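One-letter residues, chain by chain:
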Amino acid sequence: MQPVGPYRFTHMLGTCPAGKAWAAIDGQGRLVTIAVLNAAVADAPGWREAFVGTANGLAQAPGGQTFAYADFSAAEPWVAYPAEAGPGAERLFRALGQDYQPVPTEGVPAAPVSGIPQQVSGVPQQVSGIPQQVSGVPQQVSGIPQQVSGVPQQVSGVPQQVSGVPQLTSGPPPAPWALHAGPPVAPNPNPNPAPAQPATDEPQPPAVGPVDAPPPHDPFAAPVRRIQPSAPPKRRTGLWVKVAAFALAVAVGSGAAVWALAPDEPTDPDIPPTVGATAFPTAAAVDPPLKPWAQAAPYSPEERALAVAAPALVFVETVFTGYVRDASTNAPIRATPITFTRRCSAFVVTPDGHALTSSACVKPTQETARQIALDTVARMLVREQTLVPAQVQEYIRTNMGKTKFTGIDPGTEPGTEIHGQLNTAKGNLTTEPAIPAQVVRALPPDTGNIALIKLGRGSLPVAELNPSATLTDGSSLLIVGFATTDDDFRTATYGPKSKLVGITGTGRRGSASISRINQDLGTTSHGGIALDASGRVAGMIDQDQARPDRANRVIVPSSSLNALIGEAGTANKLGDSDKLYRKALDAYFAGQHSAAITQFDAVAQASPGNLLAKAYRQNAVERQQNESEPSDQSVWLMALLAGAGGALFVGLIVLVVMLVRRRRDV
């Protein structure tokens, strides 16, 4: 399986019940690891959100792993991690509680040769085995050490290292000076008697009789110890016990002080998490059709701009019903009425339900309506086998000047029925959750092609206009509008989509200026929003009437939109819930999750159509839970370090006191 994205898979790294980990390479030759969630698992309730929430939680955690790219809205969601950051895909699956199994690697290098290679002769060989400790404590040798006769000879060659620990000899060790002196001097068997020494535990020399001449003085042959060892100092066990107790008290006190002075962590609300590391998600997750955190980099300006404006987006469907009549006789050319549908986007601009959209969608010109009606008639004739498909355009061209499109009676306007839907929309829907609407004011294509409609419901999310927005060549805009991937027009489902586009030029539409962009979102995106970096409306998406395909690649500036709203006697303004929603987003993007949760709750109750308020509340809860454990650990670490520092300080003081006392005793 190859996800939609800039990567080419090379081989599989591992699998788990929820998905697979792949190694891949991008267009610049950089290596990545990609975690792909199986389509069946992604369709299970809560799993897609668990995958998204865990990836974002790992990215935002201190020292966490940041992904390079992702597509959470795909049929099989995936996340790509830079290869130099380690096994990112494996970590994500393990964070989801999955039993991840790496794919065995082929061509593993052979194991190293057993044993230890031998070194060149002359160099000591490595000791085999572990040296054994000598049992028992060496006993003191009685008597005076005897000198070794003769000078020891140099050992030929390099001595080999002995395995194990050398054992002590049973006899007295050789005198250390014997290795440096000349031929040894035999000790005088009759030295002068030493003066009497006090009784001691040391062995005494044997009594020796007088001799005729005293031998030369040999300082090393004296059998009596000349310096008597002083008695060992009295052990101060009680003092050390007191010092240890004092150090422990200081350590505990320092840790308690740091704990008490540490800032309180926000208390998590009593809400079950929707992303679990060891169990399947059980809470009903909010699933908005547009997920800003998946459309743009998390916590980026693009994500915030989408989060601010997307709730105000509306899907609009207008159904026209009338008769195609002969222009000279008013006779219908078909006995049955002709019905056709126009679908587009819009966005709410007042709390009581006013919305802006394209005039071509809700109130087209007579010429446009007649052309669409004749196209509908021609396709009916194709189905009846009166025309062939190749004759459709010629039929329209021939009859455009000879017909007109009217209502039930000649001279009346065709009937129109307008409905709007928030979030996810279904075609041909006229009941709940569809909202009826009517046209308030419309400008023809040559003077703006914008219309103001009034939805039959209040308390809807509102988008804020930026009448002073400047649209310059080469600058970027974030566009949002409704689109679909369904082929069947009758049963198609529509959802909001976004795309970052560039301005390629400017033009004029009557007295109004327009800007052209390099990409579009599809046939139903006209009437959608062009956003600036703050999430305010810089303009409205519309059809480019100069293009043969009339693609939606024109932006009508917000100054023209604001003028139409004023002409209709109203004004663009935010409601209380809109202001609170923006305040909640500010808290969320600042990491103030407790405040954001409370504010999103209030927005969701005041404006039920704002699904993003519920979704971001859920994200805030999950991120607060992900960040709570590191915060607790940091407080414990501070307390531990403070206690250790206090104990070290006390130890230094005691050491100084002992050194001072020792000098005094000396």
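One can find the structure itself at the top, above this paragraph.
Conventions adopted
- Residues numbered from 1 in each chain as written.
- Predicted model: local features only at pLDDT ≥ 70, side-chain atom pairs only at ≥ 80, totals over all residues.
- Heavy atoms only, no water.
- Salt bridge = Lys/Arg side-chain N within 4 Å of Asp/Glu carboxyl O.
- Helix = DSSP H or I, 4+ residues; strand = E, 2+ residues; numbered from the N terminus.
- Buried < 20%, exposed > 50% of the residue type's maximum accessible area, 1.4 Å probe, protein only.
- Phe/Tyr/Trp six-rings, centres within 6.5 Å; stacked < 30°, edge-to-face > 60°.
- Lys NZ or Arg CZ within 6 Å of the ring centre and 35° of its normal.
- Contact = heavy atoms within 4.5 Å.
- Axes fitted to C-alpha atoms, helices over the stretch in contact; angles between N-to-C directions.
- Parallel < 35°, antiparallel > 145°, perpendicular 65-115°, else oblique.
- Left-handed = near helix turned anticlockwise from the far one by under 90°.
- Patch = residues over 30% accessible without salt bridge, like charges linked within 9 Å, V, L, I, M, F, W, Y side chains within 5 Å.
- Areas by Shrake-Rupley, 256 points an atom, 1.4 Å probe, with all protein chains shown as cover.

As for the pattern of salt bridges
All chains considered together, the criterion is met by 16 salt bridges. For the salt bridge of R304 with D586, the shortest nitrogen-to-oxygen distance reads 2.3 Å. Remark: D586 occurs in helix α11 (residues 576-589) and R304 occurs in helix α6 (residues 301-309); sequence separation between them is 282 residues. A relative accessible area of 22% places R304 in the partly exposed class.

Section: the packing of aromatic side chains
Across all of its chains, the model carries 18 aromatic pairs by this definition. Judged by centre distance (4.7 Å) and plane angle (25 degrees), the ring pair of F315 and Y494 falls under stacked. Note that F315 is positioned in strand β7 (residues 313-326) and Y494 in strand β16 (residues 493-509), a separation of 179 residues in sequence. For the pair F315 and Y494, one class covers both residues: buried. Of the aromatic side chains, those joined through ring pairs into one cluster are W293, Y299, Y581, Y588, F589, F600 and Y616. R343 extends its terminal NZ or CZ atom over the ring of F489, reaching a point 3.8 Å from the ring centre.

Side note on the environment of I408
When you line up the elements, I408 lands in the loop between β10 (403-406) and β11 (415-422). Owing to a relative accessible area of 68%, I408 belongs among the exposed residues under this scheme. Taking C-alpha positions, I408 is 6.7 Å from Y323, a pair spaced 85 residues apart along the chain. Setting aside residues up to four positions removed in sequence, I408 forms contacts with Y323 and R325.

Looking at the packing of α11 against helix α12 (residues 593-606)
Taken N-terminus to C-terminus, the directions of α11 and α12 make an angle of 155 degrees; their axes are 8 Å apart at the nearest point. Here α12 runs roughly antiparallel to α11, going by the angle between their axes. Where α11 crosses over α12, the handedness of that crossing is left-handed. Counted together, S577, L580, Y581, K583, A584, L585, A587 and Y588 of α11 and H593, A595, A596, Q599, F600, A602, V603 and A606 of α12 form the full contact between these two elements.

Some details on a nonpolar patch on the surface
A contiguous nonpolar patch, built from L648, L652 and L655 and spanning about 300 Å² of accessible area, is present on the exposed surface. Relative to the assigned elements, L648 resides in helix α13 (residues 611-665). Given a relative accessible area of 55%, L648 falls into the exposed group.

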